Amino acid sequence: MTTIQHWINGSPVTGANPSTAPVFNPATGQEQARVVLGGAAEVDAAVEAASAAFETWSQSSLAQRTQVMFAFRQLLVEHEEELGRIISAEHGKTVDDARGEITRGREVVEFACGLGDVLKGSFSDQVSRGVDVHDFRQPLGVVAGITPFNFPAMVPLWMHPIAIATGNTFILKPSERDPSAANFVAELYRRAGLPDGVFNVVHGGKDAVDAILAHPGIEAVSFVGSTPIAKYVHEQATSRGKRVQALGGAKNHAVVLPDADLEFAANHITAGAYGSAGERCMAVSVAVAVGDVADSLVEVLERKARDVRVGPGDASDTEMGPLVTRASQERVENAVGVAASQGATVVVDGRGLKVDGHEEGFFTGPSLLDRVTVEMDAYKEELFGPVLAVVRVDSLDEAIDLVNANPYGNGTALFTGSGEAARRFQRRVRVGMIGINVPVPVPMSYYSFGGWKDSLIGDSPVHGPEGIRFYTRPKVVTTRWPQPAQQLAAGFNFPTSS
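For clarity, every value in this text was computed on a predicted model and none was experimentally measured. (Residues numbered from 1 in each chain as written. Predicted model: local features only at pLDDT ≥ 70, side-chain atom pairs only at ≥ 80, totals over all residues. Heavy atoms only, no water.)

> It is not clear to me how the overall build of the chain should be interpreted in this structure. Could you clarify?
Along its length, the chain carries 16 helices and 23 strands. Here the chain holds 43 positive side-chain charges and 58 negative ones, and the gap between their average locations is 6 Å. (Helix = DSSP H or I, 4+ residues; strand = E, 2+ residues; numbered from the N terminus. Lys, Arg positive; Asp, Glu negative; His and termini not counted. Charge placed at Lys NZ, Arg CZ, Asp CG, Glu CD.)

> Is there a simple way to think about the packing of aromatic side chains in this case?
Centre-to-centre distance and the angle between the planes together describe a pair of aromatic rings. By the definition in use, this model includes 9 aromatic pairs. Centroid distance Phe-149 to Phe-384: 5.9 Å. Interplanar angle 80°. Geometry classified as edge-to-face. Of this pair, Phe-149 sits in the loop between strand S8 (142–146) and helix H6 (154–165) while Phe-384 sits in the loop between helix H13 (377–380) and strand S17 (387–393); the two residues are 235 residues apart in sequence, bridging distant segments of the chain. Residues Phe-149 and Phe-384 agree in their burial class; the two are buried. One aromatic cluster in this structure is built from Phe-72, Phe-170, Tyr-189 and Phe-199. (Phe/Tyr/Trp six-rings, centres within 6.5 Å; stacked < 30°, edge-to-face > 60°. Buried < 20%, exposed > 50% of the residue type's maximum accessible area, 1.4 Å probe, protein only.)

> Hey, could you run me through the nonpolar core in this one?
Generally speaking, soluble globular proteins have nonpolar side chains that are buried together. Val-255, Val-256, Leu-301 and Leu-388 are the most contacted members of the largest nonpolar core, which has 61 residues in total. Non-local contacts of Val-256, meaning those with residues more than four positions away in its chain, are made with Leu-262, Ala-265, Ile-269, Val-288, Ala-289, Val-290, Val-293, Leu-297 and Phe-415. Membership of the second largest hydrophobic core comes to 57 residues, among which are Trp-7, Val-108, Leu-115 and Leu-194. (Core = buried A, V, L, I, M, F, W, Y, C linked by side-chain atoms within 4.5 Å. Contact = heavy atoms within 4.5 Å.)

> It is not clear to me how helix H9 (residues 227–238) should be interpreted in this structure. Could you clarify?
Every α-helix winds through 3.6 residues per turn, so residues three or four apart in the chain are directed the same way. For H9, with 12 residues, the first-to-last C-alpha span of 16 Å sits near the 16 Å given by 1.5 Å per residue. Along H9, the residues classified as buried are Thr-227, Ala-230, Val-233 and Ala-237. Axial view of H9: buried residues confined to an arc of 120°, hence all on one face. Counted as exposed and oriented over 90 degrees from the buried face of H9: Pro-228 and Glu-235. Next to the buried residues of H9 lie helix H8 (206–214), strand S11 (220–224), strand S12 (243–247), strand S18 (408–409) and strand S22 (456–457). (Expected span 1.5 Å × (residues − 1). Arc of directions from axis to C-beta.)

> Would you mind going over the sheet that holds strand S13 (residues 252–256) with me for this structure?
Sheet strands associate in pairs through backbone hydrogen bonding, adopting either a parallel or an antiparallel arrangement. Here 7 strands make up an open sheet; going across it, the order is S15-S16-S17-S14-S13-S19-S20 and the pairing mixed. The strands lining the two open edges of the sheet, one partner per strand, are strand S15 (345–348) and strand S20 (433–436). Averaged over all pairs of adjacent strands, the angle between their axes in this sheet comes to 20°, without regard to strand direction. Sheet analysis places S13 next to strand S14 (residues 284–290), joined by 5 bridges and oriented parallel. The residue of S14 that forms the bridge with Val-256 is Ala-289. Across the sheet, helix H12 (residues 326–341) is in contact with S15, strand S16 (367–370) and S17; its angle to S16 comes to roughly 20°. (Pairing = 2+ DSSP bridges. Axes fitted to C-alpha atoms, helices over the stretch in contact; angles between N-to-C directions.)

> Teacher, can you tell me more about the layout of surface pockets here?
Rolled over the atoms, a probe with the dimensions of a water molecule shows which regions are left empty. Quantified by volume, the largest pocket comes out at close to 740 Å³. Considering the residues around the largest pocket, the lining is formed by 28 residues, among which Pro-148, Arg-177, Gly-225, Ser-226 and Ile-229 are closest to the centre. Elements that contribute at least two residues to the lining of the largest pocket include exactly H8, S11, H9 and H12. Here the lining of the largest pocket gets 3 residues from one element, more than from any other, and that element is H12. Here the lining of the largest pocket is built from residues that sort into 12 nonpolar, 10 polar and 6 charged. (1 Å grid on protein atoms, 1.4 Å probe; cavity = no way out; pocket = protein on both sides within 12 Å on 5 of 7 lines; lining within 4 Å. Points joined across faces, edges and corners; volume = space filled by probe spheres on them. Nonpolar A, V, L, I, M, F, W, Y, C, P; charged D, E, K, R; others polar.)

> Hey, could you run me through the side chain of Lys-251 in this one?
Within the secondary structure, Lys-251 is located in the loop between S12 and S13. A distance of 2.5 Å separates a polar side-chain atom of Lys-251 from the backbone oxygen of Glu-381. (Polar contact = N/O pair within 3.5 Å; in protein donor to acceptor, adjacent residues only side chain to side chain.)

> Help me out: how do you make sense of the pattern of salt bridges in this one?
If you walk through the whole model with that rule in mind, you get 29 salt bridges. Note that Glu-176 and Lys-173 form a salt bridge whose closest N and O atoms lie 3.4 Å from each other. What makes Glu-176 partly exposed here is its relative accessible area of 28%. On the basis of relative accessible area, Lys-173 is assigned to the buried category, the value being 4%. (Salt bridge = Lys/Arg side-chain N within 4 Å of Asp/Glu carboxyl O.)

> I'm lost on the packing of H8 against H9 in this one. Help?
Pairs of packed helices are described in terms of their axes, by the angle between the two and the distance that separates them. Packing of H8 against H9 leaves a shortest axis separation of 9 Å and a crossing angle of 35°. Contacts between H8 and H9 pair Lys-206, Asp-210 and Leu-213 from the former with Tyr-232, Val-233, Gln-236 and Ala-237 from the latter. When the residues that make up the contact of H8 with H9 are grouped by side-chain class, the tally is 4 nonpolar, 1 polar and 2 charged.

> Sorry, what's going on with empty space enclosed by the protein here?
Within the structure shown, the criterion is met by 4 cavities of 30 Å³ or more. Size it by volume and the largest cavity reaches roughly 100 Å³. If you go around the largest cavity, you meet 13 residues; those closest to its centre are Gly-278, Ala-283, Ser-285, Glu-382 and Phe-384. Here the lining of the largest cavity is built from residues that sort into 6 nonpolar, 4 polar and 3 charged.

> Would you mind showing me how to read the sheet that holds strand S5 (residues 30–36) here?
The 3 strands lie next to each other as S1-S5-S4, forming an open sheet whose pairing is mixed. The open sheet has two edge strands, strand S1 (2–4) and strand S4 (20–25), and neither has a second partner. Adjacent strand axes in the sheet meet at a mean angle of 40°, parallel and antiparallel pairs treated alike. The pairing of S1 with S5 spans 3 bridges and is classified as parallel. Directly across from Thr-3, in S5, lies its bridge partner Arg-34. Contacting S1, S4 and S5, helix H3 (residues 80–91) runs over the sheet at an angle of about 100° to S4.

> Teacher, can you tell me more about unusual backbone geometry here?
Residues apart from glycine generally show negative phi values, whereas peptide bonds are mostly found in trans. Its identity is not glycine, yet Arg-371 carries a phi of approximately 55°, on the positive side. Mapped onto the elements of the fold, Arg-371 is located in the loop between S16 and H13. With relative accessibility at 46%, the residue Arg-371 sits in the partly exposed group.

> Looking at this model, I keep getting lost on a nonpolar patch on the surface. Mind explaining?
A contiguous nonpolar patch, built from Met-444, Tyr-446 and Tyr-447 and spanning about 340 Å² of accessible area, is present on the exposed surface. Look at Tyr-446 and you get partly exposed, because its relative accessible area is 49%. (Patch = residues over 30% accessible without salt bridge, like charges linked within 9 Å, V, L, I, M, F, W, Y side chains within 5 Å. Areas by Shrake-Rupley, 256 points an atom, 1.4 Å probe, with all protein chains shown as cover.)

> I would appreciate a short explanation of the packing of H3 against helix H7 (residues 180–192) in the present structure.
It is at 9 Å that the axes of H3 and H7 come closest, and there the two elements cross at 160°. Regarding the angle of H3 to H7, the classification is roughly antiparallel. Both H3 and H7 take part in a crossing whose hand is right-handed. Contacts between H3 and H7 involve Glu-82, Leu-83, Ile-86, Ile-87 and Glu-90 from the former and Ser-180, Ala-181, Phe-184 and Val-185 from the latter. Along the lines of polarity and charge, the residues of the contact of H3 with H7 split into 6 nonpolar, 1 polar and 2 charged. (Parallel < 35°, antiparallel > 145°, perpendicular 65-115°, else oblique. Left-handed = near helix turned anticlockwise from the far one by under 90°.)

This is the structure in structure tokens:
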């Protein structure tokens, strides 16, 4: 049985805590490895290594840091297939889907490669007689990321490339459900020439999280996960003076107008709802059918849901893999039953699916629910599984009100051929990321990712310009270089620029 260790100061470390947890293959339901579970002692060791490394890494040249990023980016390209299969084996998503998340994460590395331009400060000449002003940004110190199971490569890549390229050192606490990707990335950083201690991995559960939140040597914490835990992380870390990025849950709506191309809309909504078995914070979980499009939309969605090919993630013809754990499978299937009992029409029932040769896997098929209302649990809760709920409304304005009344505000989409409707929608919805005929509007790396309302706790999105701001502090310098012969009197009044 493989044991997955921490990665501290450039090498694997078992740690002081003897506790371990199982790591399953979701397609077979079998335990395939054990991961060590760290706590305060392991976090202390990682902070000590990262603090020592910060003394030199923060003083390294921007050229050195970007050279490491260029090399790291190339290694991600060369090992994309291997890393994708590692992710698939522990998460359950298809290898193609895993390669896709690596590609989107690599875009942030590419953004970090170009930080030379982004980090340029400004200069103002002669703001007062003989006085100039300029500004620049400096790294914080040791920073940490606490990341979820659903994107074991991409979400950490939203954080550590920017943190490291701006001169910080980083401690990653990945999900204990699929921990191997973090160690693989650590090895790639080592091969890229990153000095020991700049990137560290501490595995574990709540003990490790709490140790990170409480540690005085950690300056900032980035988190992606459920809203209740995001609120906990934000409260605990900010109360100790840390900066916090805390991204929470979602309930993403795709609104379909009568003028939309139904085949196009249904294709993209189906992929957005059932891709990665719905285990995405940007998954489409609600289709809002406007006016008389509803019956036709449900008919097309049903046909496409029944055509989704479910199987193990490493099979070439699989479109949707299993859920990550048995508990997730049971929770999602129970939610379909509750929806039926509350009055929803179960158009496609994914419960009880068995995949030949993988009967013990954590599989459930796509489920499609019609005539869902806002009072039903299937609408109110983030199911995080392959369940698409159809809500019927009479108008675009009613759809916008529906989206705005939801406590989450991560992503939303509108399918239409009307520019006027699209403009009205994108201006009025209270949501952070919007797609027009795009079901999963995850922005490019040079923009920032973050929702509104209960999808973002605090005010710090990730990557892009907000990522630069988060991992650095500004300094403004006012200078005067008088000539030796000058006699300048000093005033006791508050200085003015004259």
